[in-house]
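# Examining the three-dimensional arrangement
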Amino acid sequence: MEKQLLEKAKKQSGTEKLHEECGVFGVYDADGGDVAHTVYYGLLALQHRGQESCGIAVSDTEGPKGQVKVRREMGLVNEVFTSDHLAALGHGNLGVGHVRYSTVGASTRENAQPLVLNYVKGTLALAHNGNLVNAPQLKRELEYDGAIFQTTIDSEVMAYHIARARVRCSSVEEAVKLAMKKIRGAYSLVIMSPRKLIGARDPFGFRPLCIGRRGNAWFLASESCALDTVGAEFVRDVRPGEIVCMTKKGIQSDTSLCLPREQESRCVFEYIYFARPDTKIDGVSVYHARLAAGRFLAKDHPVEADLVVGVPESGNVAAQGYAQESGIPYGTAFVKNSYVGRTFIKPGQKSRESGVQVKLNVLKEAVAGKRVIMVDDSIVRGTTCARIVRMLRVAGAREVHVRISAPPFLHSCYFGTDIPSEEQLIAPGRTIEEIKAELSADSLGYLEIERLSQMVGGLPVCTGCFSGDYPTPPPSKDIRGEYTK
């Protein structure tokens with residue numbers, strides 16, 4: 001029986017984990033200096049948000065107007081940038097960086113960010129986290145007006161609209177506002193003009209963006225943990241709909257340039273999965289939010305067991321919360337290979353090694369003979385969760401009870417989270433009992449949807465992928481492949 005279970009588990013190869021968003025980072029250092037290295041360290045702290053490509057653009061406000069040095073390549077931050085590469089970016093006091101996972105547009109070097117445009121007003125470097133739901137219409141509008149696109153990403157659409165608006169108005173900040181009035185969807189932006197660093201966040205607050213300070217240097221970052229890495233003090237979050245401007249005079253936020261807040265709808269998966277646990281978003285600790293999710297699971301879906309374990313990494317803290325609330329001991333059941341990235345060479349289908357557990361293995365001594373509660377952050381297609389359940393059984397677990405620190409995915413997301421179409425999801429059209437049977441689990445419990453706002457201290461969150469109630473109308477068709485070459 002054990003051999004049959006093992007063979008069945010080995011056939012379940014591949015991954016179904018949700019992909020992280022993108023990460024953005026920017027710095028304006030009034031004292032000048034080596035901002036390239038500063039951005040580099042900021043991006044290292046945000047590497048979990050995007051592992052396909054990365055880039056850094058550097059400028060000097062005291063140098064020739066419009067002179068920007070940029071490097072963008074496929075790969076991880078420490079692969080793309082060596083000491084020589086950072087030295088070649090030169091000294092300056094303005095820097096913008098980006099790490100990317102593609103939710104719109106092909107995963108190619110051409111689509112790496114920051115994007116750098118040269119136009120009549122100088123240069124514009126833009127780094128974007130999020131997805132625009134009306135990008136196809138905006139792109140067609142530009143194409144019929146003669147625009148030629150160099151990438152297949154919605155960020156370029158946004159950059160063009162900002163550049164065109166800047167020709168007609170008196171400042172970059174005003175141009176950003178005019179473009180924001182046209183675009184619809186999720187975005188946090190870091191923009192570098194010849195003399196300024198601009199930060200902007202969509203009126204719903206889908207994606208995070210925060211402000212930091214270190215002496216005469218000001219920072220923008222997707223997560224506060226990146227500020228810690230460069231020795232900056234967290235100042236505050238950029239408010240939904242706000243545009244902030246950083247110059248040698250410091251930071252400015254003109255309320256006349258801010259868009260009215262919409263029904264605030266933060267992406268709850270920033271707290272459940274995407275962000276690092278040492279990050280705070282809009283005043284809420286990601287670590288405490290995950291602990292709360294685990295506690296709610298223990299209250300709403302209790303079960304008798306001997307051990308609570310988390311699926312690394314984002315399931316670990318929720319598992320601790322479950323253990324604290326239930327009184328069942330928390331333990332380690334999985335050993336994760338931290339040196340394997342997303343692009344490891346996968347063996348062919350006919351290879352004997354096709355089912356090797358390259359990234360995750362079970363610590364048999366921890367689970368043998370025990371009733372185990374396995375806490376994970378989500379179930380997408382179900383294949384990976386089923387494989388992990390089988391791995392635990394092969395390792396000798398008597399019972400496996402699955403607890404998920406998110407509600408069931410019933411709908412796609414069009415605002416930057418890589419949730420596939422409904423026909424690829426396990427939950428639509430199935431009961432909890434049917435999903436449990438498909439996973440070969442002894443029991444299954446999801447986080448109740450009503451708990452989401454409680455988990456983050458009452459902050460309004462987007463529940464579209466769980467409820468179908470989107471804060472802004474989604475596109476009439478799935479546009480996530482619209483730009484893919």
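Residues numbered from 1 in each chain as written. Predicted model: local features only at pLDDT ≥ 70, side-chain atom pairs only at ≥ 80, totals over all residues. Heavy atoms only, no water.

### A short note on the overall build of the chain
Counting secondary structure elements, the chain contains 16 helices and 23 strands. Counting across all 485 residues of the chain, residues that qualify as buried make up 59%. Once local pairs closer than 6 in sequence are excluded, the contacts in the chain between residues at least 24 apart make up 71%. Counting every atom, the chain has about 19,600 Å² of accessible surface; 48% of that belongs to carbon and sulfur. (Helix = DSSP H or I, 4+ residues; strand = E, 2+ residues; numbered from the N terminus. Buried < 20%, exposed > 50% of the residue type's maximum accessible area, 1.4 Å probe, protein only. Contact = heavy atoms within 4.5 Å. Areas by Shrake-Rupley, 256 points an atom, 1.4 Å probe, with all protein chains shown as cover.)

### Structural notes on the nonpolar core
Ranked by size, the top nonpolar core spans 48 residues in total, and within it Phe269, Tyr271 and Met455 carry the most contacts. Elements with a minimum of two residues in this core: helix H9 (269-274), helix H10 (286-300), helix H11 (314-326), strand S20 (371-376), helix H15 (451-455), strand S23 (461-462) and helix H16 (464-467). Other than its neighbours up to four places away in sequence, tyrosine 271 contacts Arg266, Ile281, Asp282, Val284, Val286, Ala289, Arg290, Met455, Val456 and Leu459. In terms of nonpolar packing, the next biggest core, distinct from the first, is built from 32 residues, Leu117, Met158, Cys169 and Ile183 among them. (Core = buried A, V, L, I, M, F, W, Y, C linked by side-chain atoms within 4.5 Å.)

### Focus: the confidence of the model for the chain
Per-residue confidence for the chain averages 88 on the pLDDT scale, and 88% of its residues sit at or above 70. Confidence drops under a pLDDT of 50 for residues 1-15, and excluding neighbours within four residues, the segment shows 18 contacts in the predicted structure. Residue range residues 342-356 is modelled with pLDDT below 50. Its contacts to residues more than four positions away, or to other chains, number 15 contacts. (pLDDT = per-residue confidence, 0-100.)

### Notes on the sheet that holds strand S8 (residues 197-201)
In spatial order, the strands read S5-S6-S7-S8-S12-S13; together these six strands make up an open sheet with antiparallel pairing. The sheet terminates laterally at strand S5 (115-119) and strand S13 (250-252), the two strands that pair on one side only. Taking the axes of each pair of neighbouring strands and ignoring which way they run, one obtains an average angle of 20 degrees across the sheet. Where S8 meets strand S12 (residues 243-247), four bridges bridge the pair, whose relative direction is antiparallel. Of the residues in S12, the one forming a bridge with isoleucine 198 is cysteine 245. Across the sheet, helix H6 (residues 154-168) lies against S5, strand S6 (122-129) and strand S7 (188-192), angled at about 140 degrees from S6, the strand it touches most. Lying on the sheet, helix H7 (residues 172-182) is in contact with S6, S7, S8 and S12; it crosses S8 at an angle near 25 degrees. (Pairing = 2+ DSSP bridges. Axes fitted to C-alpha atoms, helices over the stretch in contact; angles between N-to-C directions.)

### Overview of the packing of H6 against H7
Look at H6 against H7: their axes get within 8 Å of each other, and the N-to-C directions meet at 130 degrees. Considering the angle they form, H6 stands oblique to H7. Seen from above, H6 lies across H7 with right-handed handedness. Of the residues in H7, those in contact with His161, Ile162, Ala165 and Arg166 of H6 are Val172, Ala175, Val176, Leu178, Ala179 and Lys182. In terms of residue class, the contact of H6 with H7 is made up of seven nonpolar, one polar and two charged. (Parallel < 35°, antiparallel > 145°, perpendicular 65-115°, else oblique. Left-handed = near helix turned anticlockwise from the far one by under 90°. Nonpolar A, V, L, I, M, F, W, Y, C, P; charged D, E, K, R; others polar.)

### Regarding the pattern of salt bridges
Per the stated rule, a full pass over the model turns up 20 salt bridges. Taken together, the salt bridges that share partners define one network made up of Arg49, Arg207, Glu223 and Glu270. (Salt bridge = Lys/Arg side-chain N within 4 Å of Asp/Glu carboxyl O.)

### A word on the pairing of strand S21 (residues 399-404)
With five of its six residues buried, S21 lies for the most part within the structure. Examined bridge by bridge, S20 and S21 share six bridges and lie parallel to one another. Counterpart to arginine 371 in the pairing with S21 is glutamate 399. Between the parallel elements S20 and S21, the chain passes through helix H13 (residues 383-394) in a crossover that is right-handed. Where S21 and strand S22 (residues 443-446) come together, four bridges link them in parallel fashion. Among the inter-strand pairings, valine 402 is bridged to a residue of S22, identified as leucine 444. (Right-handed = clockwise from strand over helix to strand, strands pointing away.)

### Considerations on the environment of phenylalanine 149
Positionally, phenylalanine 149 belongs in the loop between helix H5 (135-143) and H6. The spacing of phenylalanine 149 and lysine 139 is ten residues in sequence and 8.9 Å in space, taken between C-alpha atoms. Residues contacting phenylalanine 149, with those up to four places away along its chain left out, are Lys139, Leu142, Glu143, Glu156, Val157 and Tyr160.

### Details of the packing of aromatic side chains
Evaluated as defined, the whole model comprises twelve aromatic pairs. Measuring from centroid to centroid gives 5.2 Å for tyrosine 40 and tyrosine 41, while their planes differ by 70 degrees, and the two rings are edge-to-face. You can call tyrosine 40 buried: its relative accessible area is 13%. Classification of tyrosine 41 by relative accessible area gives partly exposed; the value is 42%. For the ring pair phenylalanine 206 and phenylalanine 415, a centre distance of 4.6 Å and an interplane angle of 10 degrees mean the geometry is stacked. With phenylalanine 206 in the loop between S8 and strand S9 (210-214) and phenylalanine 415 in the loop between S21 and helix H14 (432-439), this residue pair connects regions lying 209 residues apart in the sequence. Its relative accessible area of 1% is what places phenylalanine 415 among the buried residues. Of note, lysine 139 hangs over the ring of phenylalanine 149, and the distance from its end group to the ring centre comes to 5.2 Å. (Phe/Tyr/Trp six-rings, centres within 6.5 Å; stacked < 30°, edge-to-face > 60°. Lys NZ or Arg CZ within 6 Å of the ring centre and 35° of its normal.)

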